[in-house]
Amino acid sequence: MSSPKVSIVIPCYNVEKYLHQCLDSVINQTLQDIEIICVNDGSKDSTLSIIQEYAEKDCRIKIIDKPNAGYGDSMNRGFDMATGEYIGIIESDDYAELDMFEKLYATAKEHDLDVVKSGFFFYFSKPTETNTPAPIASSATSNRTFCPLTAFKSKMEMVEFFNIKPTIWSAIYRKDFIRSNNIRFNETPGASYQDASFNFKVWVCAQRVRLMEECFLHYRQDNEASSINSPGKVYCICDEYEEMERFLNDHPVEKGIVEPVMVRVKYDSYNWNYERLAEPLQAEFIQRFAEDFRRHQLDGLLNKAYFEWYKWKAVNQIIEDPDRYHMIQVKIKNGEPAPDFYEAAPKPKRTINGKEVPYLLDKILGGFDCIREHGLLYTIKLFVKKIIGRVSK
């Protein structure tokens, strides 16, 4: 008996409200040669009985029933059981377009890919059902096969790619690629952003990647139990970056290329985590923020060439005085006037032969600085973004 084309892993925990919609979208895929692995992580509702009901009618469904151990453990168990040529993921509160895996698999086979990744929809079921497309690639960038560590001409282009929303469920992965590189999920408790380190490992190791412009997966936004809606997980994102550092220590060739990128993306993740927390927890987390980036600074991994100017300024503010940085952010959030962090030591004006450079010339010279640090293509893209932003206001 030949192996299925795609194994689809569905982690399940207390999702009786959404599971029928999810499973219906999987069993009715136009690609019929699939394996469906449902991992019940100790659900306390009727999740398991719903899975069993579907399994009685469809022999492609396999069930792993285990005590609650968290998302990472569920995903590793499902990936270990998979026998398909490729492995896909569907979250049990989401659902897929019926041709999702047929199109992903066809693209993967045509181009001999380690990974093919598509866009998705932001899905709301209430107050009215809405789906907003969220493509991850344009028609231009979707028409090439590339290696993430060698494809980009500038540091900032590489940062932008590694900063794409993880969306590990909008892709399929060659099973042999996953296993030969020992790519596994971080088995921290609960469902706590384990997609971040998994996605990072995939991009570090993949040799042949392709992005698709089309959107297939409907990503539910109104599940109150989702981990993205949990403010209590203050340091879970830190666990993910510790796992990335551990993984890079086991991959020394890639480490030298991607470590500064990892630190740059970590800044965005930490900043996102800081912004989502309530004020008392923000004051607590900013200390960890500063501590981690001081370490990266001492290790020589905090590199200006990987940062936009304003983010470079912010990360140095956090390192220098996290309490003052937080105080200013609170003032801004409350609509109060906030002094510039460097008001006591203003940025020196650009001068030539001791004379201050006129405003327009200063901007032009700043553009040349950007080209030198980030490359011509990135500078042009940044300029276009600024123009579009001004026009849209």
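This text follows the structure it describes.
Keep in mind the model is a prediction, meaning the values are calculated, not measured.

So, how was this worked out
Residues numbered from 1 in each chain as written. Predicted model: local features only at pLDDT ≥ 70, side-chain atom pairs only at ≥ 80, totals over all residues. Heavy atoms only, no water. Phe/Tyr/Trp six-rings, centres within 6.5 Å; stacked < 30°, edge-to-face > 60°. Helix = DSSP H or I, 4+ residues; strand = E, 2+ residues; numbered from the N terminus. Buried < 20%, exposed > 50% of the residue type's maximum accessible area, 1.4 Å probe, protein only. Lys NZ or Arg CZ within 6 Å of the ring centre and 35° of its normal. Pairing = 2+ DSSP bridges. Right-handed = clockwise from strand over helix to strand, strands pointing away. Core = buried A, V, L, I, M, F, W, Y, C linked by side-chain atoms within 4.5 Å.

Participant: Just give me the short version of the packing of aromatic side chains, but keep the residues and values in it.
Facilitator: Throughout the structure, instances matching the rule amount to 32 aromatic pairs. Considering the side-chain rings of Phe120 and Trp169, the 5.4 Å spacing of their centres and the 90° angle between planes classify their relative orientation as edge-to-face. Taken together, the residues Phe120 in strand β6 (residues 115-124) and Trp169 in the loop between α5 (155-162) and β8 (171-174) connect sequence positions 49 residues apart. For the pair shown, Phe120 and Trp169 are each scored as buried. Taking the centre distance of 5.4 Å and the plane angle of 65° together, the rings of Phe307 and Trp312 count as edge-to-face. The exposure class of Phe307 is buried, given its relative accessible area of 2%. Three or more aromatic residues joined by ring pairs form one cluster here, namely Tyr235, Tyr241, Tyr267, Tyr270, Phe285, Phe289, Phe293, Phe307 and Trp312. The ring of Phe146 has Arg144 lying over it, and the distance from NZ or CZ to the ring centre is 4.9 Å. For the cation-ring pair, Arg264 lies above Phe307, with the distance from its terminal atom to the ring centre recorded as 5.4 Å.

Participant: An account of helix α7 (residues 195-205) is needed here, citing residue identities and associated values.
Facilitator: When you tally the buried positions in α7, you get ten out of eleven residues, the bulk of the element. Turning to α7, its buried residues number three or more, namely Ala196, Ser197, Phe198, Asn199, Phe200, Lys201, Val202, Trp203, Val204 and Cys205.

Participant: Give a description of the pairing of strand β3 (residues 61-66) that names residues and reports values.
Facilitator: In this structure, strand β2 (residues 34-41) lies alongside β3, joined through six bridges in parallel fashion. Pairing of Cys38 across the sheet is with Ile63, part of β3. Once you follow β2 into helix α2 (residues 47-57) and on to β3, the crossover reads as right-handed.

Participant: Describe the nonpolar core, with residues and values.
Facilitator: One finds Ile10, Ile90 and Phe162 to be the most contacted residues of the largest nonpolar core, which totals 108 residues. Element by element, the count of residues in this core is highest for helix α9 (residues 252-276), at eight residues.

Participant: Before we move on, can you summarise the pairing of β6 with the specific residues and values?
Facilitator: The buried fraction of β6 amounts to eight of the ten residues, a majority that puts the element mostly inside the structure. Relative to β8, β6 runs antiparallel, the two sharing three bridges. Opposite Val116, over in β8, you have Ile172 as the bridge partner. Here eight bridges tie β6 to strand β9 (residues 209-220), and the two strands are oriented parallel to one another. Each bridged residue has a counterpart across the sheet, and for Phe121 the counterpart in β9 is His218. Alignment of β6 against strand β7 (residues 130-134), held across five bridges, turns out to be antiparallel. Pairing of Phe124 across the sheet is with Thr130, part of β7. As consecutive antiparallel partners, β6 and β7 are separated by five residues.

Participant: Explain unusual backbone geometry to me, and be specific about the residues and the numbers.
Facilitator: That bond from Lys126 to Pro127 is cis: its omega, 0°, falls within 30 degrees of zero. Of note, Pro127 is situated in the loop between β6 and β7. Backbone geometry places Thr167, a non-glycine residue, at a positive phi of 35°. Along the chain, Thr167 turns up in the loop between α5 and β8. Given a relative accessible area of 1%, Thr167 falls into the buried group. Although it is not a glycine, Asn182 adopts a positive phi angle of roughly 50°. Examined against the element boundaries, Asn182 turns out to sit in the loop between α6 (175-180) and α7.

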